[in-house]
Amino acid sequence: MGGLQKKKYERGSATNYITRNKARKKLQLSLPDFRRLCILKGIYPHEPKHKKKVNKGSTAPRTFYLLKDIRFLLHEPIVGKFREYKVFVRKLKKAYGKTEWSSVERLKENKPAYKLDHIIKERYPSFIDALRDIDDALCMCFLFSTFARTGKCHVQTIQLCRRLTVEWMNYVIASRALKKVFISIKGIYYQAEVMGQLITWLVPYQFSHDHPTDVDYRVMATFTEFYTTLLGFINFRLYHSLNLIYPPKLDVKAESELKEENDDDYAMNSESYLEKLSALSASLARVVSTAEEEEAELDQFPVEGEDMANMEAREKEQKQEEAQKKLFEGLKFFLNREVPRESLAFLIRCFGGEVSWDKSVCIGSTYEVTDETITHQIVDRPNIDKQYINRYYIQPQWVYDCVNAKIILPVEDYFLGVTLPPHLSPFVEEKDGDYVPPEKLKIMALQRGEKPAHEQEEEEEEDEEEEEEDDNEEEGDDSEEAEEKNLKKMEEQRSQGKSLSVKVTAGKVKVENPARLEQEEKAEEKRLAIMMMKKKEKYLYDKIMFGKKRKVREANKLAAKRKAHDDAEKSKKKARK
Amino acid sequence: MAPSRRTKRVVASQPGFLNLKSSSGAAGLPSIRRKRVNKNKKKNWNKHSDINDVTEFLEDVRHQERTIGGLLSEKSDDNLFFLDVGQPKKAEQKVAEPVDGKKRKGKAVRPLRIDLILQHDSLVPPPKDVLAYQQPNAKKLRRIAQKAEQLAAKGVVPRRQKQLLNRRPADRTAKKAVTEANNNPDREYYDIWGQESKDTADPWYLQQTGKKRVKRPEKLNEKPSVLPAVEVIAPGGSYNPDFFSHQALLQEAHEVEVKKQKEEDKIERQLAVNKEHIATEETILREQVEGLVEEETEEANEEEEGVAVGAITVAEKKTERQRKKERAYKVKEQLRQANRYQNDKRQQLFQLRSIKTSIKQEEQETKDKQKQRKAKQEAQKAQPRRLGKLKFKAQDMEVQLSDELAGSLRQLKPEGSVLKDRFKSLQKRNLIEPRERAKFKRRLKLKYVEKRAFREIT
């Protein structure tokens with residue numbers, strides 16, 4: 001038993017972690033500053049595997065950081081800036097206390113500030129890395145841009161957020177990248193595909209803030225500070241990828257259209273440009289002004305190991321996408337004053353439509369209500385006095401549903417005063433066998449290009465379709481059983497045929513149905529494969545099949561329930577009539 | 001220097017001269033005898049001859065010249081005296097003044113009498129400060145200036161000026177590089193990912209001088225949670241939901257509520273007072289008479305206990321024979337065990353199959369456990385970790401009841417707060433630790449005193 005006695009907590013996990021307070025002392029920062037630094041640098045607390053060991057035998061709950069992370073923080077130049085700022089505040093306080101206004105001025109002029117550019121570069125070495133992490137940034141900026149400019153955070157931050165979000169929306173419009181939108185009770189979810197990355201963000205409704213008390217505004221402001229920097233650089237890069245001028249400029253043509261009005265009514269001179277940009281009604285100026293966008297058709301090269309069918313499918317998909325991008329092209333919308341202007345204008349412009357609104361609603365309207373060429377007017381009130389005959393008056397949900405369905409939906413369901421069909425979430429992906437609401441089925445049918453057979457009575461049609469679907473489903477799960485039955489019968493016949501006494505009858509020409517034969521062959525193969533299974537595998541197979549069947553059963557049950565519910569509703573309506 | 005000293009001495013030696021010191025000295029001494037000095041030496045003439053009267057006279061003359069500007073005796077009577085004829089006639093002047101304003105102005109030019117009195121009228125000019133006129137290196141400088149003039153005449157520009165002219169003009173317009181605040185709404189952005197900075201200097205030098213950033217550890221770029229940044233609400237959360245998805249969401253919310261309620265109930269149940277512990281009349285009475293009755297039985301008990309405590313069992317000593325026996329038994333036992341072990345091992349040869357199956361079983365079990373552990377770890381990745389004092393508490397689910405749902409987008413009432421949703425999402429993804437708002441702590445206790453006016457009323 002030689003050697004030194006090993007002391008506890010001097011090696012292993014105890015030395016890999018450091019408590020928050022110790023880390024703070026090591027960096028000589030106050031707790032708020034430390035927290036800010038960690039957020040900016042992307043250093044998060046860790047939960048050690050063996051807390052008691054790390055905590056030197058104590059079980060008190062503590063926040064731990066990895067020691068290496070904190071050592072890394074020691075090299076950060078911003079730490080010095082934080083300390084400078086602390087000194088600045090102290091001096092300023094003193095000057096105020098002594099009412100030395102000149103020195104207050106001087107100090108304020110030399111207020112220490114820092115930049116986060118190097119941290120962005122460090123945390124996101126490549127552009128794609130940054131793009132992957134943009135969801136949070138967008139949510140935060142959209143959230144902060146809706147805040148009232150009072151007290152809760154710096155007005156400047158709010159302005160910056162607003163600017164960045166407007167830039168982002170303009171980019172999405174210019175690149176036609178929007179994919180999905182969902183109006184929820186919380187806010188509006190958007191999803192866009194930018195450079196192959198799916199980006200989801202949440203936009204709160206305007207004017208809907210009750211400021212919750214249990215949220216740490218300082219933390220949120222710090223995150224926003226970082227994210228605004230990130231989003232700015234991403235915007236710059238994205239604009240340049242589309243050949244747009246970066247601090248975005250309106251197109252000359254569009255600008256001249258907007259010029260006519262007197263801008264002073266809406267905003268101060270300094271702000272009017274941003275306001276015009278945020279109106280989203282005009283397109284942006286490009287570095288190289290191309291008269292019309294001419295997009296060369298890309299030649300398709302099959303990737304190795306990909307067969308023709310696959311490639312065709314891909315091509316078809318691409319075509320569909322192209323079609324979706326031009327969903328509203330050629331349509332002219334007019335927004336009534338009661339509908340959410342920004343969201344709708346964003347959507348319509350994203351899919352190539354033209355949009356305008358009343359002059360008194362917002363800056364940047366391009367045409368008036370009286371314009372004869374308007375095709376759709378979006379209204380959200382039970383009735384409207386003066387109606388033009390050559391345009392549709394529809395509720396705003398139509399636009400959202402069209403975007404999600406990727407086709408122009410029939411407008412009948414969305415007329416004024418009509419009970420709207422449910423707004424379904426586009427973020428739900430149904431697997432086969434899941435319950436699919438009939439509205440979605442209808443949309444899917446429309447997407448496939450099937451026209452509903454008769455359109456005199458919507459409800460009837462709906463019902464029918466439902467029934468059809470039900471039948472289909474039943475068929476789906478019945479078909480297998482039926483096949484098996486058939487096969488069994490055939491086998492029985494065969495076996496019987498052997499035992500029967502031999503007889504010769506006049507031959508008949510058997511009508512061969514090649515499709516049926518093929519089917520039979522396949523079924524036979526499957527049956528044989530099932531027979532050849534090992535016991536264990538067979539058990540598993542049975543289990544899977546049972547699960548599938550159960551799912552179908554449940555879906556059927558729900559559909560039946562829905563039907564009953566609808567019937568009840570209908571009878572109620574009839575009774576009311 | 002020397003003559004002044006001399007005069008002093010002369011003054012001191014004169015008998016008639018009284019100055020402060022000498023007078024004090026005279027008061028101290030009874031008589032001042034004249035000092036006898038030989039007058040046949042020139043030195044002594046200088047030293048001891050009395051020239052006081054002469055110096056006094058000269059001093060007086062100089063004084064008169066300095067102050068009055070000439071000897072008084074030589075001045076005319078007009079200069080020294082004037083005829084005092086009493087107050088000048090003011091009335092006359094006052095009448096005269098308004099008549100001619102211009103004349104009055106002319107009068108104002110004449111200097112005031114006070115100024116005339118104060119005017120310097122000595123004949124001795126004030127001494128010149130020579131140093132003020134002197135210039136160090138004047139000669140050299142003059143020469144240099146002359147040379148420069150000559151060169152300038154020839155058109156030759158001196159080297160220094162040439163250097164100054166050659167220097168690039170400093171960019172006056174560029175202010176001191178002030179880093180503007182991060183949240184400045186008009187701030188500029190640039191292509192941060194495009195430019196690759198080329199380090200021309202030696203990397204070792206850069207690193208040692210702290211000019212190179214420390215590389216970020218790769219591990220820091222891993223996300224602390226697998227959850228997506230934005231979790232889309234369930235389809236039932238649509239503003240105009242499908243009936244069934246809405247019901248499903250309601251069901252979920254209901255279950256959450258039920259769970260909460262159960263927990264609350266459990267705590268309440270645990271905290272409820274046990275009925276047996278409530279005092280009844282009987283127990284109260286018993287408490288009151290405690291110690292008054294039943295004394296005898298206790299005493300009896302005590303006695304019994306005393307006996308029990310007193311008995312200590314003493315182990316008897318073993319005999320030699322017993323020890324031997326024990327040892328033999330031990331050896332025998334060991335032998336038996338060894339035999340048995342050997343036997344078992346031999347027997348295992350015939351149990352090979354069952355052993356194999358048991359090993360397989362064990363392996364299977366460990367594998368299963370491993371799998372379970374892995375699955376658990378995977379599931380844990382999506383879970384919020386315990387990062388501080390508090391556990392993560394999920395936000396209340398945003399749900400609108402069937403009658404709260406709005407018929408149209410215009411009437412929609414937003415539920416919940418996006419700000420809170422974002423904040424909780426950050427916590428859920430382990431980016432920040434859950435915290436409670438710091439409670440306001442009063443440093444000094446508040447003291448309530450009723451004011452006198454109120455006290456009178458109440």
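Residues numbered from 1 in each chain as written. Chains lettered and ligands numbered in written order. Predicted model: local features only at pLDDT ≥ 70, side-chain atom pairs only at ≥ 80, totals over all residues. Heavy atoms only, no water.

J.: Any details on the overall build of chain B? Residues and values, ideally.
T.: When helices and strands are tallied, chain B shows 19 helices and zero strands. Long-range contacts, defined here as pairs at least 24 residues apart, represent 65% of the contacts in chain B between residues at least 6 apart. Surface exposure of chain B reaches about 42,800 Å², of which carbon and sulfur atoms provide 54%. (Helix = DSSP H or I, 4+ residues; strand = E, 2+ residues; numbered from the N terminus. Contact = heavy atoms within 4.5 Å. Areas by Shrake-Rupley, 256 points an atom, 1.4 Å probe, with all protein chains shown as cover.)

J.: Please give an account of the interface of chain B and chain A that cites residues and values.
T.: Counting residues at the interface gives 72 residues for chain B and 103 residues for chain A. Here chain B packs against chain A, burying approximately 7,800 Å² in sum over the two surfaces, 62% of which is carbon and sulfur. Looking at the side of chain B facing chain A, the largest losses of area belong to Tyr189, Trp193 and Leu419 of chain B, adding up to 12% of the total buried there. Counting the contacts that link chain B with chain A gives 14 salt bridges. With a shortest N-O distance of 3.4 Å, aspartate 117 of chain A and arginine 187 of chain B are connected by a salt bridge. Connecting chain B to chain A are 34 residue pairs in polar contact (both at pLDDT 80 or more). Elements supplying a minimum of two residues to the side of chain B that touches chain A: helix H13 (243-271) and helix H18 (418-428) of chain B. Counting residues per element, the side of chain B that touches chain A draws most heavily on H18 of chain B, at seven residues. Here the residues of the side of chain B that touches chain A sort into 31 nonpolar, 16 polar and 25 charged. (Buried area = accessible area lost by both parts, 1.4 Å probe. Salt bridge = Lys/Arg side-chain N within 4 Å of Asp/Glu carboxyl O. Polar contact = N/O pair within 3.5 Å; in protein donor to acceptor, adjacent residues only side chain to side chain. Nonpolar A, V, L, I, M, F, W, Y, C, P; charged D, E, K, R; others polar.)

J.: Run through the side chain of threonine 200 of chain A, naming residues and quoting values.
T.: Position of threonine 200 of chain A among the secondary structure elements: in strand E5 (residues 197-204). Judged by relative accessible area, which is 8%, threonine 200 of chain A ranks as buried. Here glutamine 191 of chain A takes part through its side chain, which lies 3.2 Å from a polar atom of the side chain of threonine 200 of chain A. Beyond its immediate stretch of four places on either side in the chain, threonine 200 of chain A contacts Asp135, Tyr190, Gln191 and Phe427 of chain A together with Val230 and Val232 of chain B. (Buried < 20%, exposed > 50% of the residue type's maximum accessible area, 1.4 Å probe, protein only.)

J.: I'd like a rundown of the sheet that holds strand E3 (residues 178-183) of chain A, residues and numbers included.
T.: Residues and elements named next belong to chain A. Overall, antiparallel pairing links the three strands, which are arranged E3-E4-E5 in an open sheet. Each of the sheet's edge strands pairs with one partner strand only, and the pair in question is E3 and E5. With strand direction ignored, the average angle separating the axes of adjacent strands in the sheet is 15°. With eight bridges joining them, strand E4 (residues 187-194) and E5 adopt antiparallel strand pairing. Among the inter-strand pairings, glutamate 193 is bridged to a residue of E5, identified as leucine 198. Against the sheet, helix H11 (residues 155-175) makes contact with E3, E4 and E5, and its axis sits at roughly 130° relative to E5, the strand it touches most. (Pairing = 2+ DSSP bridges. Axes fitted to C-alpha atoms, helices over the stretch in contact; angles between N-to-C directions.)

J.: Explain the pattern of salt bridges to me, and be specific about the residues and the numbers.
T.: Residue and element names in this part refer to chain A. Summed over all chains, the structure comprises 40 salt bridges over all chains. Put simply, glutamate 47 and lysine 51 hold a salt bridge, and the shortest N to O gap is 3.7 Å. Across the pair lysine 180 and glutamate 429 runs a salt bridge, and its minimum N-O distance is 3.8 Å. Residue lysine 180 is found in strand E3, and its partner glutamate 429 is found in the loop between helix H17 (397-405) and helix H18 (438-448); the two are separated by 249 residues along the sequence.

J.: Lay out a positive patch on the surface with the relevant residues and their values.
T.: Residues and elements named next belong to chain A. A cluster of basic residues, Arg83, Lys86, Arg90, Lys91, Lys94, Lys98 and Arg106, forms a positive patch on the protein surface. Looking at the positive patch, the element that brings in the most residues is helix H6 (residues 77-97), giving five residues. Mapping lysine 98 onto the fold places it in the loop between H6 and helix H7 (101-109). (Patch = residues over 30% accessible without salt bridge, like charges linked within 9 Å, V, L, I, M, F, W, Y side chains within 5 Å. Lys, Arg positive; Asp, Glu negative; His and termini not counted. Charge placed at Lys NZ, Arg CZ, Asp CG, Glu CD.)

J.: Could you give an account of the pairing of E5 of chain A, with specific residues and numbers?
T.: In terms of residue burial, E5 of chain A counts as a mostly covered element, since seven of its eight residues are buried. Linking E4 of chain A back to E5 of chain A in an antiparallel pair, the connection comprises two residues, with methionine 195 of chain A at a positive phi of about 50°.

J.: Just give me the short version of helix H16 (residues 341-350) of chain A, but keep the residues and values in it.
T.: Residues and elements named next belong to chain A. Within H16, 10 of the 10 residues are buried, which leaves the element mostly enclosed by the surrounding structure. Those residues of H16 not exposed but buried are Arg341, Glu342, Ser343, Leu344, Ala345, Phe346, Leu347, Ile348, Arg349 and Cys350. Among the residues trailing H16, glycine 352 stands out with phi positive, at a value near 85°.

J.: Can you explain empty space enclosed by the protein? Please cite residues and give values.
T.: All names here are of chain A. This structure, assessed with the given rule, holds eight cavities of 30 Å³ or more. Ranked by residues supplied to the lining of the second largest cavity, first place goes to helix H3 (residues 31-41) with three residues. Residues of the lining of the second largest cavity, tallied by class, amount to eight nonpolar, no polar and two charged. (1 Å grid on protein atoms, 1.4 Å probe; cavity = no way out; pocket = protein on both sides within 12 Å on 5 of 7 lines; lining within 4 Å. Points joined across faces, edges and corners; volume = space filled by probe spheres on them.)

J.: Just give me the short version of the packing of helix H2 (residues 20-27) of chain A against H3 of chain A, but keep the residues and values in it.
T.: Residues and elements named next belong to chain A. Contact geometry of H2 with H3 gives a least axis separation of 10 Å together with a crossing angle of 95°. Comparing their axes, H3 and H2 come out roughly perpendicular. Contacts between H2 and H3 involve Arg20, Ala23, Arg24 and Leu27 on the former and, on the latter, Leu31, Phe34, Arg35 and Leu37. Residues that form the contact of H2 with H3 fall into these classes: five nonpolar, no polar and three charged. (Parallel < 35°, antiparallel > 145°, perpendicular 65-115°, else oblique.)

J.: Could you give an account of the sheet that holds strand E6 (residues 332-335) of chain A, with specific residues and numbers?
T.: Residue and element names in this part refer to chain A. Pairing in this open sheet of four strands is parallel, and the strands run E7-E6-E8-E9 from one edge to the other. On the outer flanks of this sheet lie strand E7 (354-357) and strand E9 (392-394), each paired with one strand and no other. On average, adjacent strands in this sheet sit at an angle of 25° to one another, irrespective of strand direction. The pairing of E6 with strand E8 (residues 376-378) spans three bridges and is parallel.

J.: Help me get a handle on the confidence of the model for chain A, residues and values and all.
T.: Residue and element names in this part refer to chain A. On average, chain A scores 83 in pLDDT, and the residues at 70 or more come to 83%. Low pLDDT, under 50, characterises residues 291-297; the predicted model gives this stretch one contact beyond four residues in sequence or across chains. Low pLDDT, under 50, characterises residues 453-478; the stretch is placed with 22 contacts to residues that sit more than four places away or in other chains. (pLDDT = per-residue confidence, 0-100.)

J.: Break down the nonpolar core for me, citing the residues and quoting the values.
T.: Ranked by internal contacts, the top residues of the largest apolar core, which has 133 residues, are Trp168, Leu178, Trp201, Phe328, Phe346 and Trp398 of chain A together with Trp193 of chain B. Here this core gets 13 residues from one element, more than from any other, and that element is helix H12 (residues 217-241) of chain A. (Core = buried A, V, L, I, M, F, W, Y, C linked by side-chain atoms within 4.5 Å.)

J.: Give a detailed account of a nonpolar patch on the surface, specifying residues and quantitative values.
T.: All names here are of chain B. On the surface, a nonpolar cluster with roughly 350 Å² of combined accessible area is contributed by Ile51, Val54, Phe57 and Leu58. On the secondary structure map, isoleucine 51 appears in the loop between helix H3 (42-48) and helix H4 (52-67). Given the relative accessible area of 36%, isoleucine 51 is considered partly exposed.

J.: Lay out the packing of aromatic side chains in plain terms, naming residues and giving numbers.
T.: Tallied over the full model, the rule gives 30 aromatic pairs over all chains. With a centroid separation of 5.5 Å and an interplanar angle of 85°, the aromatic rings of tyrosine 239 of chain A and tyrosine 246 of chain A are classed as edge-to-face. Accessibility classification places tyrosine 239 of chain A together with tyrosine 246 of chain A in one group, the buried group. Ring pairing ties together the aromatic residues Phe142, Trp168, Tyr171, Tyr190, Trp201, Phe233, Phe236, Tyr239, Tyr246 and Phe346 of chain A together with Tyr189 and Tyr190 of chain B, which thus form one cluster. (Phe/Tyr/Trp six-rings, centres within 6.5 Å; stacked < 30°, edge-to-face > 60°.)

J.: How would you explain the environment of valine 552 of chain A if you had to name every residue and give the values?
T.: By the secondary structure assignment, valine 552 of chain A is in helix H21 (residues 535-576). C-alpha of valine 552 of chain A to C-alpha of aspartate 432 of chain A: the two residues are 120 residues apart in sequence and 8.8 Å apart in space.

J.: So what's going on with the confidence of the model for chain B? Residues and values would help.
T.: Residue and element names in this part refer to chain B. Of the residues in chain B, 80% have a pLDDT of 70 or more, and the chain-wide mean is 80. Predicted confidence in chain B is weakest over helix H2 (residues 20-28), with a mean pLDDT of 42, and strongest over helix H16 (residues 320-348), with 95. Contacts from residues 1-29, a stretch scored under 50 in pLDDT, to residues over four places away or in other chains number 15 contacts. This stretch, residues 94-103, has a pLDDT under 50; its non-local contacts, to residues over four places away or in other chains, come to one contact.

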